Amino acid sequence: METISKRSLLAAGLAAGVAGLPRGAFAAQPGRKLGYAILGLGYYATRIIMPRFAECEHSRLAALVSGTPEKLKTYGEQYGIPETHRYSYETFDRIIDNPDVDIVYVITPNSLHRPFTERAARAGKHVMCEKPMANTVADCEAMIAACKKAGRKLMIGYRSRFQAHNIEAIKLVRDGALGPVRTVVTDHGFTIGDPKQWRLNRALAGGGSLMDIGIYSLNAARYLTGEEPVAVNAVESTDRSDPRFGEVEDIINFQLLFPSGATANCVSAYSVNCNRYRVSGPKGWVEIDPATSYQGQAMRAQLGGPPAPREPAPQPKNQFSAQLDHLSECILTGREPIVGGDDGLKDLRVIEAIYRAAREGRTVKL
Ligand code: NAD
């Protein structure tokens, strides 16, 4: 990760210190860690993200937002968050008056990403939003517009872009080590349990495996090729008598065609466990399995010689802390995140095309 120069921090502090800042926005002080409010205290927030602030250089946990008072108390005490910095969904808008909060990180069920992002932007806060960015292209566009209107940054939680093995794979492709990319083959799935969970409720999830885990296949195909697909095929296989799949799809596999002629074959599933990709060109290939998991990535490559394990260049931070710090650094230095709202929107455009291709049994052009 790039480090922030003293000069750019000073420049950011000075720039943010000019008169006329909107209410809710507070000047970035050189050296100050930016404050995150975590909104939605479920599994990913509490088990995966919140512990990772400990390794952040430019970010700290400053506030909590939850619909459950007991969670606010438990995690507030655990992380030393004062009661003044604990919000319910009803009192959340008062965060506009809290100078300790620079960024709101939305980690709720998918259909709530849009309304909470819009409220955070109205409160003058920058937004980190979990994937999928929202349920529809229209929702994504509204979120981008809300953050733009507020003059605030929007980033999507595509953490794999900050993970060492994925960074290495992207670099090998961009350096031409494989020759021009011809194929990406990628599988993402897990066996989902409890039929009553929000992930299997269409109103809350927006769809099934594709919205949740298949999006990793899509996002990887896009960041490995560095291109946007121009045509999409898809097939769905869902056992509608299975109590888990009354409302959303199980398997939806899709193929993408990119402008260069590169192709991607992608699995998205809620009934098998898989997490891998292989990207290939005429000069070789690189594969990661597991590829986009929280940990345990393993890489192999065939680059001229026989296939062999490959260790990526070490990165200074784990993927979660690097993701959190990336948005803080962008705010402090006035840059745009490498995975902004535009990237989330691009995924949703393809997702809508994948659903249409499966429904209509035809190739959908983009
Ligand atoms: P979860 O069910 O564990 O947590 C969801 C939280 O939202 C809970 O605290 C719940 O109380 C709260 N909530 C607020 N309103 C709700 C409502 N109307 N119905 C149900 N819950 C409500 O889910 P999670 O696994 O933490 O996922 C949350 C978000 O994070 C999703 O968008 C998911 O796609 C994303 N996620 C991302 C990753 C990643 O690796 N980037 C991993 C897991 C989840």
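Since the model is a prediction, treat every value here as computed from it, not as a measurement.

**Examining the pairing of strand β8 (residues 231-237)**
Here's step 1: In the sheet, β8 pairs with strand β9 (residues 251-257) via seven bridges, with the strands oriented antiparallel. Opposite Ala-234, over in β9, you have Phe-254 as the bridge partner.
Here's step 2: Sheet analysis places β8 next to strand β15 (residues 364-365), joined by two bridges and oriented antiparallel. Residue pairing for β15: Ala-231 is matched across the bridge by Lys-365.

**Focus: the UniProt feature "binding site: D-sorbitol 2" (unreviewed entry) in the protein**
Here's step 1: Residues annotated in UniProt with the feature "binding site: D-sorbitol 2" (unreviewed entry) correspond here to Lys-131, Arg-159, Arg-199 and Asp-212.
Here's step 2: As for its position among the elements, Arg-199 is in the loop between β7 (183-189) and α7 (202-205).
Here's step 3: Arg-199 gets classed as partly exposed once you look at its relative accessible area, which sits at 27%.
Here's step 4: If sequence neighbours within four positions are ignored, Arg-199 has contacts with Ile-192, Ala-205, Gly-207, Asp-212, Val-248 and Tyr-270.

**Describing the site of the ligand**
Here's step 1: In the neighbourhood of the ligand, 23 residues make up the surrounding shell, with Tyr-43, Asn-110, Lys-131, Arg-159 and Trp-198 lying closest.
Here's step 2: Interatomic distance of 2.7 Å between a backbone N/O atom of Tyr-43 and an oxygen atom of the ligand.
Here's step 3: Between the ligand and the protein, one listed contact pairs an oxygen atom with a backbone N or O atom of Thr-108 at 3.1 Å.
Here's step 4: Contact with the protein chains hides 79% of the accessible area of the ligand, taken as 830 Å² for the molecule alone.
Here's step 5: Where the shell around the ligand is concerned, the elements lending two or more residues are α2 (43-49) and α8 (209-225).
Here's step 6: Summarising the domain contributions, the shell around the ligand has at least three residues from each of domain 1 (6-160) and domain 2 (164-314 + 344-365).

**Notes on helix α4 (residues 113-122)**
Here's step 1: For α4, a buried count of seven out of 10 residues is recorded, marking the element as mostly surrounded by other parts of the structure.
Here's step 2: Turning to α4, its buried residues number three or more, namely His-113, Phe-116, Thr-117, Glu-118, Arg-119, Ala-120 and Ala-121.
Here's step 3: Residues of α4 that are buried make contact with β1 (34-39), β4 (103-106), β5 (126-129), α5 (137-150) and β6 (154-156).

**A word on the nonpolar core**
Here's step 1: Judged by nonpolar contacts, the single largest core of 104 residues is most densely connected at Ile-38, Ile-49, Leu-64, Tyr-105, Leu-224 and Leu-256.
Here's step 2: Tallying contributions element by element places α8 first for this core, with 10 residues.
Here's step 3: Counting contributing residues per domain, this core is built from domain 1 (6-160) and domain 2 (164-314 + 344-365), each supplying no fewer than three.

**Remarks on the sheet that holds β5**
Here's step 1: On the basis of which strands lie adjacent, the open sheet formed by six strands has the order β3-β2-β1-β4-β5-β6 and parallel pairing. With partners counted over all chains shown, the strands left at the sheet margins are β3 (86-87) and β6, one partner each.
Here's step 2: Of the strand pairs in this sheet, β5 and β6 are connected by three bridges, and their pairing is parallel. Opposite Cys-129, over in β6, you have Ile-156 as the bridge partner.

**A closer look at the UniProt feature "binding site: D-sorbitol 3" (unreviewed entry) in the protein**
Here's step 1: Those residues carrying the UniProt feature "binding site: D-sorbitol 3" (unreviewed entry) are Arg-152, Leu-154, Glu-336 and Gly-341 in this numbering. Across 190 residues, the annotated set stays spatially compact, with a maximum C-alpha separation of 11.3 Å.
Here's step 2: Within the secondary structure, Leu-154 sits in strand β6.
Here's step 3: With a relative accessible area of 8%, Leu-154 lands in the buried category.

**Remarks on the domain arrangement of the protein**
Here's step 1: What the domain assignment lists for the protein is domain 1 (6-160) and domain 2 (164-314 + 344-365).
Here's step 2: On a C-alpha basis, the centres of domain 1 and domain 2 stand 28 Å from each other.
Here's step 3: Contact with domain 1, which involves 20 residues of that partner, is made by 21 residues of domain 2.
Here's step 4: The largest contributions to the domain 1 side of the interface with domain 2 come from Tyr-158, Arg-159 and Ser-160, which together make up 30% of the buried area.
Here's step 5: Connecting domain 1 to domain 2 are two salt bridges.
Here's step 6: With a shortest N-O distance of 3.5 Å, Lys-131 and Asp-212 are connected by a salt bridge.
Here's step 7: Along the contact surface separating domain 1 from domain 2 lie 10 residue pairs in polar contact (both at pLDDT 80 or more).
Here's step 8: Taken together, the elements giving at least two residues each to the side of domain 1 that touches domain 2 come down to α2 and α5.
Here's step 9: Looking at the side of domain 1 that touches domain 2, the element that brings in the most residues is α5, giving four residues.

About the criteria used
Residues numbered from 1 in each chain as written. Predicted model: local features only at pLDDT ≥ 70, side-chain atom pairs only at ≥ 80, totals over all residues. Heavy atoms only, no water. Pairing = 2+ DSSP bridges. Helix = DSSP H or I, 4+ residues; strand = E, 2+ residues; numbered from the N terminus. UniProt positions renumbered as here; feature names shortened; annotations may be inferred. Buried < 20%, exposed > 50% of the residue type's maximum accessible area, 1.4 Å probe, protein only. Contact = heavy atoms within 4.5 Å. Near = heavy atom within 4 Å. Polar contact = N/O pair within 3.5 Å; in protein donor to acceptor, adjacent residues only side chain to side chain. Areas by Shrake-Rupley, 256 points an atom, 1.4 Å probe, with all protein chains shown as cover. Domains from an automatic or database assignment. Core = buried A, V, L, I, M, F, W, Y, C linked by side-chain atoms within 4.5 Å. Buried area = accessible area lost by both parts, 1.4 Å probe. Salt bridge = Lys/Arg side-chain N within 4 Å of Asp/Glu carboxyl O.

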